[in-house]
Amino acid sequence: MRSLTIFSLSIAIVPAFSQQIWDIWQTTWDRSKLFTSLAPSSPINFATPGPAASADIVVNDAVEYQPIAGFGASLTDSSALTLSNLKSKNSANYWSILGYSFSTSYAVDAAGLSYIRVPIGASDFSANLYSLDDVSGDISLSHFSINNIPSYVFSVLKDIQSINPAIKVHLVPWSPPGWMKDSGTMNGGSLQTQYIGVYANYLLKAVQGFQSQGFTAFAVGIQNEPQNSNPTYPTCTMSASVEGQVGTALRSLLNSNGLSSVQIIGYEHNWDDAGAYPVQLMNSYSTTFSGVAFHCYAGSVSDQAQFQSAWPSKSIFFTECSGTFGSDWWSDIKWYMDNIFTGSLNYGSQSGLMWNFALDGNGNPKLPGTNSCGGPGCRPLVTVNSDGSYSYNQEFYAMAQASKAIIPKDPGGPFGQRIGVSVQGSLSWALIVGAYVVRRVNPTDWLQYSIVVLNWDDSASTTWNPQPVTATIEFRGMQATYTFPVGVTTLWWFAPATSNGPIASDAKNTTSSESPIKVHTSSTSAQPSQNRNATAFKFNATHSVL
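Here the structure is a predicted model, which is why all the values come from computation and not from measurement. (Residues numbered from 1 in each chain as written. Predicted model: local features only at pLDDT ≥ 70, side-chain atom pairs only at ≥ 80, totals over all residues. Heavy atoms only, no water.)

1. Some remarks on the side chain of serine 403
Thought 1: Inspection of the secondary structure puts serine 403 in helix 11 (residues 394-404).
Thought 2: Residue class for serine 403 comes out buried when judged on its relative accessible area of 0%.
Thought 3: Leaving out residues up to four positions away in the same chain, serine 403 has contacts with Phe71, Ala111, Gly112 and Leu113. (Helix = DSSP H or I, 4+ residues; strand = E, 2+ residues; numbered from the N terminus. Buried < 20%, exposed > 50% of the residue type's maximum accessible area, 1.4 Å probe, protein only. Contact = heavy atoms within 4.5 Å.)

Encoded structure:
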């Protein structure tokens, strides 16, 4: 609260400075700072502009884009089991992880993660194959049971909810029950069309089942990665037409059962097909779906623009990416910021999620027999060791820097919304920037304006030579100066709402007169890659980001 107290005094005592930066969080390339609050002893003032620096960050709050739903990961069965076992072994460490990860209390040393994706039934990170109704031919779903999901999933989710009551829960199946598919198993195959209506009812019951456990779904998906069929773990291919028919039936069922607020999210697969499958889905079923979600394993983040251009009114979410153990820490941070935690948002996404929230140091436990996440194993946000110790991975630190910028200033207040920003000058290439406004519960309170800045001027492609970048920050005709070390910096200031209001622009589209910040493709760190052939590992561990 110190920042607000001093900030209020500054209005009366130092009227020449209209805004001040007191709050700075930082993660540096050498790990000397890891999501560290710098707590400066004196503020950085916005003052009458002088010459612009060679990197000049121009924040334009008159241009507004999409609201940000939040950041997080998937609470798979394996993640929940890992955390549940930790709770039994070392309760203090368990609560420390949850608090540091999910608390959105303002000015608290915590990331404020606020979006959790939960599988409906088994995934490649489950102890065994199961759906919520494994009785073959049970078209009435009389044997459906939400309790087929392990109890520790709900237990951990309730503990997360106790820390962050605003947590958003996104439900999605990795496969329908095996008896609904042409393969007769959850592993691989396709949904038989005669079960479209039954499957929609199955998904309704899943949403209702989570509600009975105390979790109203923020969103539900029809099928995780509908273009993937793998015989070693739950998967299901599903055409856009079939997914649309299931979604249409589900939309009607949700609406008639008091669940009209639950969003239906389509596609949930890779960037590379952004201009085809999800566009086809919206072309025929736009009234059913709130939007679509993307994964990182093929294509590039700029592919999201293809969907944006075709359907600017629809929401975009980014819901899955994973690295593997043993990759370069700083290269990963750069790639994640450039492509997901700033990059995906700058192409319209409302969320930035990774895959497993918690696993052990080998990326286990996994479904027995799966070829998913081969090699050194998929890396979670948090590694939990058998002795009860734990460590946060690069995914966590990159995500935390982004999340801190958009969490509510007030209890129960709104999350951030992306606003216009550009970087100018000869060193503009050195900084990747996202900018956000966080509104207030009391309309007379000053708004929070945040920027998340990646300085990747490390000359990594030639000779290693990390260079801090001194930048000017332009805002409403005033200017501040800050030197950004190589790493990720999140900072914010407060200012009154403008009397004229923002420029009306599509909240989900970056194609306006204000150019979105450029998203680069780094030659020094490759994106995760995924080969969806049935015999392939889920992730190609040879890529540097993994």
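2. Concerning the pairing of strand 1 (residues 20-28)
Residues in a regular strand project their side chains so that they alternate between the two faces of the sheet.
Thought 1: Burial runs high along strand 1: nine of the nine residues are buried.
Thought 2: For strand 1 and strand 23 (residues 487-495), the ladder comprises seven bridges, and the chain directions are antiparallel. Note that in strand 23 the partner of aspartate 23 across the bridge is tryptophan 492.
Thought 3: Where strand 1 lies against strand 2 (residues 36-37), two bridges are found, and the strand directions are antiparallel. Each bridged residue has a counterpart across the sheet, and for tryptophan 25 the counterpart in strand 2 is serine 37. (Pairing = 2+ DSSP bridges.)

3. Some remarks on the packing of helix 6 (residues 240-256) against helix 7 (residues 277-285)
Thought 1: Packing of helix 6 against helix 7 leaves a shortest axis separation of 9 Å and a crossing angle of 45°. As judged from the angle between their axes, helix 6 and helix 7 are oblique. Crossing handedness for the pair helix 6 and helix 7: right-handed. Listed contacts from helix 7 to Ala240, Ser241, Glu243, Gly244, Gln245 and Thr248 of helix 6 are Tyr277, Gln280, Leu281 and Tyr285.
Thought 2: Broken down by class, the residue content of the contact of helix 6 with helix 7 amounts to four nonpolar, five polar and one charged. (Axes fitted to C-alpha atoms, helices over the stretch in contact; angles between N-to-C directions. Parallel < 35°, antiparallel > 145°, perpendicular 65-115°, else oblique. Left-handed = near helix turned anticlockwise from the far one by under 90°. Nonpolar A, V, L, I, M, F, W, Y, C, P; charged D, E, K, R; others polar.)

4. Section: the state of the cysteines
Thought 1: For the coordinates displayed, the defined rule picks out two disulfides.
Thought 2: The disulfide bridge from cysteine 296 ends at cysteine 321, spanning 2.1 Å between sulfur atoms. Taking the sign of the S-S torsion, 80° for the link of cysteine 296 and cysteine 321, the bridge is right-handed. Here cysteine 321 lies in the loop between strand 11 (315-320) and strand 12 (323-324) and cysteine 296 lies in the loop between strand 10 (291-295) and helix 8 (304-310), a separation of 25 residues in the sequence. Neither cysteine 296 nor cysteine 321 differs from the other in exposure class; each is buried.
Thought 3: Sulfur-sulfur distance for the disulfide between cysteine 373 and cysteine 378 comes to 1.9 Å. Judged by the torsion about the S-S bond (-75°), the cysteine 373/cysteine 378 disulfide is left-handed. In terms of burial, cysteine 373 and cysteine 378 fall into one category: buried. (Disulfide = S-S within 2.5 Å.)

5. Notes on unusual backbone geometry
Thought 1: A cis amide bond, omega 5°, links asparagine 364 with the succeeding residue proline 365.
Thought 2: The phi dihedral of arginine 476 falls on the positive side, at around 50°, and the residue is not glycine.
Thought 3: Relative to the assigned elements, arginine 476 resides in the loop between strand 21 (469-475) and strand 22 (478-484).

6. Things to note about the packing of aromatic side chains
Thought 1: Under the definition given, this model contains 35 aromatic pairs.
Thought 2: Geometrically, the ring pair formed by tryptophan 335 and tyrosine 336 is edge-to-face, given 6.0 Å between the ring centres and 80° between the ring planes.
Thought 3: The exposure class assigned to tryptophan 335 is buried, which follows from its relative accessible area of 3%.
Thought 4: The exposure class assigned to tyrosine 336 is buried, which follows from its relative accessible area of 0%.
Thought 5: An aromatic cluster is defined as three or more aromatic residues linked by ring pairs; in this entry it consists of Trp25, Phe35, Tyr100, Tyr390, Tyr392, Phe396 and Tyr397.
Thought 6: We note lysine 404 situated over the ring of tryptophan 25; from NZ or CZ to the ring centre the distance is 4.5 Å. (Phe/Tyr/Trp six-rings, centres within 6.5 Å; stacked < 30°, edge-to-face > 60°. Lys NZ or Arg CZ within 6 Å of the ring centre and 35° of its normal.)

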